[in-house]
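As a plain string of letters, each chain reads:
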Amino acid sequence: MSSLLIVDDDPDFASSVATVCTGMGHEVAIVHSTREALNRLEQQRPDALLLDVMFPEDPAAGFQLAREVRRRYGNLPILMLTAVNQQFPLGFSNKDIDAKWLPVTDFVEKPVDFALLRQKITQLLASAAP
Amino acid sequence: MAGSRVTSGVALASMLLIWVVIWYLVSRLASTVRARDRALFVANARLQASIEERSKHMLQTTHQLKAPFAAIHAQVQLLLEGYCGVLPAAAMGVVEKISRRCRVLSRQVQEMLQLANLRSHGQTAPPARELALDHLVADVIHRVEPAAQQRGIGFDRQLEPVRLQGIEDHLTMLVDNLVVNAVTYSHDRGVVAVACRRESPGGRCWSCRTGALAFRRRSCRTSSTTTIGRKKRSSTTAVRRGWVWPSCVRSPVRITSGLKWRVRPVGGHVSRLRFPTRRRSLRSARPATLINCLLNYHVLSSDCG
């Protein structure tokens, strides 16, 4: 069993993802802002982070949090759940994963297909395993 | 003598008068044109600013729309996958319908995002590079396949390795649009044939052929062929009425050297794209052409319900 932290401002979406993760046997915590996420990470470090991109306070807060997490906590696996279209040129895609600019482990595009989400989480945790 | 002097004086005066009148009229006209030009310039600048503002607003709104759809989609999946207990068959049917509608709306929101993105001026033009058309088409089919399977529609793939130079995002949108429309207009349990091949060894063009078995609409009563070249734009009733894949009426004109639709009531319809090879790259494809492609596709989608 692994512990996951979901950071998403939409409580309905976050709780749905949490249900799936719990169904996979993981322990899940939800926070709805990047500030809460940093506070939570100070207290307890999860095995992986499921992170949204756009937050009401800042449309790119997810990116900033990812950079901050990477700076503070090293290689904590981050799965970015984003409503920003990856396949067309809105600014970023899997190809843009970069240690400095976009330090995430993988992307899943919203609306999320749960089969894909389960697969990505499994891969994410496997990649983090020592 | 005096009479002739007077006459020539009068003639001179009238000539001068005419010149003065002409000069006055011309200068008046010129100043009016200049004033109109200035007004037009100002109006144009305001229009441009309002278009940009509208695009920004649309982008923001569509982002805001996408989040609730993502939440609905997630919750529907919870129901369908049994996380909330087993649903009765009737309830399952209703939830599946909600799920389908949700997917369609999410897709439209996504296309609006792409549209807004294409219209934004702040972005540099995406780079053209060498692309594997067969892989690109296969990816599109993979994405569309789940929706096609719900209506029992299968794909007949004949994808030979074809490489071309182009802008990946634009080409993906174009192929995606063609394949989605082929599925939309196919009969239930039909077959959509998608082929991608080099037309002849050493030939000058490649083609991507997408054919669906038939229209669902009763409007297809006669056979017709519509060809759109680089300069010519089709304005046939068939195209304008919307049952001949209007998604690409304008879009491929700058992208391809030719687009051809063949429509038969029984045999279905075939759309064929010919891609330029060496001289004409897809680099010249302007976002505006793709905007039309997406706009028309929206009309199609809502039309088909």
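Cut-off values and rules
Residues numbered from 1 in each chain as written. Chains lettered and ligands numbered in written order. Predicted model: local features only at pLDDT ≥ 70, side-chain atom pairs only at ≥ 80, totals over all residues. Heavy atoms only, no water. Helix = DSSP H or I, 4+ residues; strand = E, 2+ residues; numbered from the N terminus. Buried < 20%, exposed > 50% of the residue type's maximum accessible area, 1.4 Å probe, protein only. Contact = heavy atoms within 4.5 Å. Areas by Shrake-Rupley, 256 points an atom, 1.4 Å probe, with all protein chains shown as cover. Pairing = 2+ DSSP bridges. Axes fitted to C-alpha atoms, helices over the stretch in contact; angles between N-to-C directions. Parallel < 35°, antiparallel > 145°, perpendicular 65-115°, else oblique. Left-handed = near helix turned anticlockwise from the far one by under 90°. Nonpolar A, V, L, I, M, F, W, Y, C, P; charged D, E, K, R; others polar. Phe/Tyr/Trp six-rings, centres within 6.5 Å; stacked < 30°, edge-to-face > 60°. Lys NZ or Arg CZ within 6 Å of the ring centre and 35° of its normal. Salt bridge = Lys/Arg side-chain N within 4 Å of Asp/Glu carboxyl O. pLDDT = per-residue confidence, 0-100. Expected span 1.5 Å × (residues − 1).

A. Broad picture of the overall build of chain A. Along the backbone of chain A there are four helices and five strands. For chain A, the α and β elements follow one another from N to C terminus as β-α-β-α-β-α-β-β-α. Residues counted as buried form 55% of the 130 residues belonging to chain A. If you take every contact in chain A between residues at least 6 apart in sequence, the share linking residues at least 24 apart comes to 65%. Element-wise, carbon and sulfur atoms account for 49% of the exposed surface of chain A, whose accessible area totals about 5,800 Å².

B. Highlighting the overall build of chain B. Helix and strand counts for chain B stand at six helices and eight strands. For chain B, the N- to C-terminal ordering of α and β elements is α-α-β-α-β-β-α-β-β-β-α-β-β-α. The burial tally for chain B puts 39% of its 305 residues in the buried class. Pairs at least 24 apart in sequence give 75% of the contacts found in chain B among residues at least 6 apart. As displayed, chain B offers around 17,500 Å² of accessible surface, 58% of which is attributable to carbon and sulfur atoms.

C. Spatial organisation of the environment of Ala91(B). Residue and element names in this part refer to chain B. Position of Ala91 among the secondary structure elements: in helix α2 (residues 89-119). On the basis of relative accessible area, Ala91 is assigned to the partly exposed category, the value being 27%. As a C-alpha pair, Ala91 and Leu80 span 11 residues in sequence and 9.7 Å in three-dimensional space.

D. Quick peek at the pairing of strand β5 (residues 106-109) of chain A. All names here are of chain A. Residue alternation in β5 divides its side chains into two sets, Asp106 and Val108 and Phe107 and Glu109, and both sets are buried. Here strand β4 (residues 78-82) runs beside β5; their pairing, made up of four bridges, is parallel. Across the sheet, residue Leu79 finds its bridge partner in β5, namely Asp106.

E. View of the packing of helix α2 (residues 34-43) of chain A against helix α3 (residues 61-73) of chain A. All names here are of chain A. Running from N to C, α2 and α3 point in directions that differ by 15°, and their axes come no closer than 10 Å. Here α3 runs roughly parallel to α2, going by the angle between their axes. Crossing geometry of α2 relative to α3 is assigned as right-handed. Two secondary-structure elements touch here, α2 through Thr34, Ala37, Leu38, Leu41 and Glu42 and α3 through Ala61, Leu65, Glu68, Val69, Arg72 and Tyr73. Residue classes in the contact of α2 with α3 are distributed as seven nonpolar, one polar and three charged.

F. Structural context of the sheet that holds β5(A). All names here are of chain A. Spatially, the five strands line up as an open sheet ordered β2-β1-β3-β4-β5, and their pairing is parallel. Since the sheet does not close on itself, it has two edges, and those belong to β2 (27-31) and β5, each with one partner. Taking each pair of neighbouring strands and ignoring which way they run, the sheet shows an average axis angle of 20°. One ladder, built from four bridges, connects strand β3 (residues 48-52) with β4; its direction is parallel. Residue pairing across strands places Leu49 opposite Ile78, the latter belonging to β4. Helix α1 (residues 11-23) rests against β1 (3-7), β2, β3 and β4 of the sheet, and its axis sits at about 170° to β2. Sheet strands touched by α3: β1, β3 and β4. Its angle to β4, the strand with the most contacts, is close to 175°.

G. Quick look at the packing of aromatic side chains. Applying the stated rule across the entire model yields zero aromatic pairs over all chains. Sitting over the ring of Phe13(A), Lys110(A) keeps its end group 4.4 Å from the ring centre.

H. Focus on the pattern of salt bridges. Residues and elements named next belong to chain A. By the definition in use, this model includes eight salt bridges over all chains. In this structure, the salt-bridge partner of Arg72 is Glu68, at a minimum N-O distance of 2.8 Å. Taken as a pair, Arg72 and Glu68 lie in helix α3 at a separation of four residues, close to a single helical turn. Shared partners join several salt bridges into a network, and the residues in it are Glu42, Glu68, Arg71 and Arg72.

I. Quick peek at the confidence of the model for chain B. Averaged over all residues, the pLDDT of chain B equals 67, while 55% of them reach at least 70. For chain B, helix α6 (residues 287-304) of chain B is the element with the lowest average pLDDT, namely 28, and helix α1 (residues 2-80) of chain B is the one with the highest, namely 86.

J. Summary view of the confidence of the model for chain A. Residues and elements named next belong to chain A. In this model, chain A carries an average pLDDT of 83, and 84% of its residues clear a pLDDT of 70 or more. Ranking the elements of chain A by mean pLDDT puts β5 last with 83 and β2 first with 95. Low pLDDT, under 50, characterises residues 86-91; the stretch is placed with 23 contacts to residues that sit more than four places away or in other chains.

K. Spotlight on the packing of α1(A) against helix α4 (residues 114-128) of chain A. Residues and elements named next belong to chain A. As a packed pair, α1 and α4 sit with axes 11 Å apart at the nearest point and diverge in direction by 60°. Of the possible angle classes, the one that applies to α1 and α4 is oblique. Where α1 crosses over α4, the handedness of that crossing is right-handed. Contacts from Ser16, Val17, Val20 and Cys21 in α1 reach Phe114, Leu117, Arg118 and Ile121 in α4. The residue inventory of the contact of α1 with α4, partitioned by class, reads six nonpolar, one polar and one charged.

L. Broad picture of α3(A). Residue and element names in this part refer to chain A. When the terminal C-alpha atoms of α3 are compared, their 17 Å separation across 13 residues agrees well with the 18 Å that a helix rising 1.5 Å per residue should span. When α3 is considered as a whole, its buried residues turn out to be Ala61, Gly62, Phe63, Leu65, Ala66, Glu68, Val69, Arg70 and Tyr73. At its buried positions, α3 is contacted by β1, α2, β3 and β4. Of the residues one or two after α3, Gly74 is the one with positive phi, at around 65°.

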